[in-house]
Amino acid sequence: METLDAARLQMAVSMIFHIVFACIGMVMPFFMVVSHYKWLKTKDKAYLSLTKAWQKGVAIFFVTGAVSGTILSFELGLLWPKFMLHAGPIIGMPFSLEGAAFFVEAIALGFYLYGWKKIKNQWFHWFTGLIIGISGVTSGILVVSANGWMNAPSGFEYINGEFLHIDPVKAFFNEAWFSQALHMVLAAFTATGFAVAGIHAWQIYLRRNIATHRKAFTIAITFGAVAALLQPISGDISAKDIAVRQPIKLAALEAHYETQKGAPLYIGGIVDEERKEVTHKIELPKMLSFLAFGDFDAEVKGLNDFPEEDLPPVAITHYAFQLMVGLGTILALLAIVFFISTRKKSLLRKRWFWLVFAIAAPLGFIAVEAGWIVTEVGRQPWVIYNIMRTKDSVTPMDGIEYSLFIFIALYIALALAVSWLMGRQITVFNRQNDL
């Protein structure tokens, strides 16, 4: 295996695992504090039991997110030393601020976990839980800002191969950070909301502690449903941003080869990269031009207008984009079904209702993974868009494939351990609420 391929695959595997832990670590504290708030207001012991069950999940994912995130930070330096040599001084600020946010999150988590019956002011104790969620989301936004800089490099002047006149603040507020951060935060709430709701929906389907699990389901799905309905707006902002900054990525998303005015939007389709065509697709006339530029007759550049050496892997990018949008649409429709059920209570008595949401549990995270593939693969062959190619930033050392296999084994073990721990927590939760 070539060093470049092994390094990219190792980074991809690390991100695939970390993004799940990170999203849950960002979002679950908000479920916990809502349940805690309801306990303080109603003194319903079901909410207290739910809060303490969710706090264990928050602790588990905080630890796994911290471990997997630390591995990623080391990989940046070990696998991509030439990238970090130049990028470090420019985007070091968001990473250092992310470290500060993580520090605050860790302190707040300690207060929250060990503050039961020790912190006299119950609302201060509740507030520490809120700080966990806010600092977690802040960490996510800061990291995404650094990734946004890779797509929209700014805050420096590139002169004769040198990065000069560095402005870290301008680099942080790059043109991509807002659209990417908004899209990622909403994706995290959607994925985690539907995943947690799906787990509780499955318990309801099995008729276990229905009353308590319905409370949990309602809290989680409310966050997920609201985020799922807002996500298309975020997606539209991102698409219009990409159309201006990275037209080649837009063309790859849609597997759009020919430049044309009134460009159609493709739904589905099989990409033939050798023949440079897409077959078996559904065409929506002029919709790509409208979605990208707000004008049905706007010109959209095709892949054939760009140098061959600058083209990303079109098929992977297109399929990942189609998967992300398709699953996002399904979750948005399920969000509407949920809000209908709040008015039409008879839906809640249908077993198929709970089964559908249980089946939908992993869809959000599949969409998140597809979205990161779109972001990273769609930027190739650049690690810093239009500045530094990925192949020029990789380590010259051989043997990366060995660490790749070791990390795959470690991540699989970590995923199995977390799955076992969470399964055990559900069993204990059911047993406690049976009493």
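Criteria and cut-off values
Residues numbered from 1 in each chain as written. Predicted model: local features only at pLDDT ≥ 70, side-chain atom pairs only at ≥ 80, totals over all residues. Heavy atoms only, no water. Helix = DSSP H or I, 4+ residues; strand = E, 2+ residues; numbered from the N terminus. Buried < 20%, exposed > 50% of the residue type's maximum accessible area, 1.4 Å probe, protein only. Core = buried A, V, L, I, M, F, W, Y, C linked by side-chain atoms within 4.5 Å. Axes fitted to C-alpha atoms, helices over the stretch in contact; angles between N-to-C directions. Parallel < 35°, antiparallel > 145°, perpendicular 65-115°, else oblique. Left-handed = near helix turned anticlockwise from the far one by under 90°. Contact = heavy atoms within 4.5 Å. Phe/Tyr/Trp six-rings, centres within 6.5 Å; stacked < 30°, edge-to-face > 60°. Lys NZ or Arg CZ within 6 Å of the ring centre and 35° of its normal. Polar contact = N/O pair within 3.5 Å; in protein donor to acceptor, adjacent residues only side chain to side chain.

This part is about the environment of Val325. By the secondary structure assignment, Val325 is in helix α10 (residues 314–343). Exposure remark for Val325: the relative accessible area of 39% places this residue in the partly exposed category. As for Val325 and Ala367, which are separated by 42 residues in sequence, their C-alpha atoms are 7.6 Å apart.

What follows is about the nonpolar core. Membership of the largest hydrophobic core comes to 72 residues, with the highest contact counts inside it found for Phe31, Trp54, Met184, Phe194, Phe217, Phe357 and Val368. Examining the composition of this core, we find that 14 residues originate from one element, helix α6 (residues 177–205), more than from any other. Counting 22 residues, the second largest nonpolar core, distinct from the first, contains Ala146, Trp149, Met388 and Val394.

Let us now look at the packing of helix α1 (residues 3–42) against helix α2 (residues 45–79). Two numbers describe how α1 lies on α2: the axes approach to 7 Å, and their chain directions differ by 155 degrees. Between α1 and α2, the angle falls in the class roughly antiparallel. Here the hand of the crossing between α1 and α2 comes out left-handed.

On to the environment of Lys38. Turning to its location among the elements, Lys38 is positioned in helix α1. Judged by its relative accessible area of 31%, Lys38 is partly exposed. Excluding residues within four positions of it along the chain, Lys38 makes contact with Lys43, Tyr47 and Ile219.

On to the packing of aromatic side chains. If you walk through the whole model with that rule in mind, you get 31 aromatic pairs. Arranged with centres 5.2 Å apart and planes meeting at 55 degrees, the rings of Phe338 and Phe339 form a pair that is tilted. Given the relative accessible area of 5%, Phe338 is considered buried. What links up through ring pairs into an aromatic cluster is the set Phe194, Phe217, Phe338, Phe339, Trp352, Phe353, Trp354 and Phe357. The aromatic ring of Trp39 is capped on one face by Lys43, whose charged end is 4.7 Å from the ring centroid. The ring of Tyr47 has Lys215 lying over it, and the distance from NZ or CZ to the ring centre is 5.7 Å.

It is worth spelling out the side chain of Lys249 at this point. Mapping Lys249 onto the fold places it in helix α8 (residues 247–253). Within the structure, Lys249 has its side chain in polar contact with the side chain of Asn151 (distance 3.2 Å). The contact partners of Lys249, leaving out residues within four places of it in the chain, are Asn151, Ile242, Val374, Thr375, Gly378 and Arg379.

Along the chain, Asn147 turns up in helix α4 (residues 122–151). Judged by its relative accessible area of 9%, Asn147 falls in the buried class. A distance of 2.9 Å separates polar atoms of two side chains, one belonging to Asn147 and the other to Gln180. Apart from the residues lying within four places of it in its own chain, the contact partners of Asn147 are Gln180, Trp372, Thr375, Glu376 and Arg379.

All quantities given are derived from atomic positions and should not be read as evidence of function.
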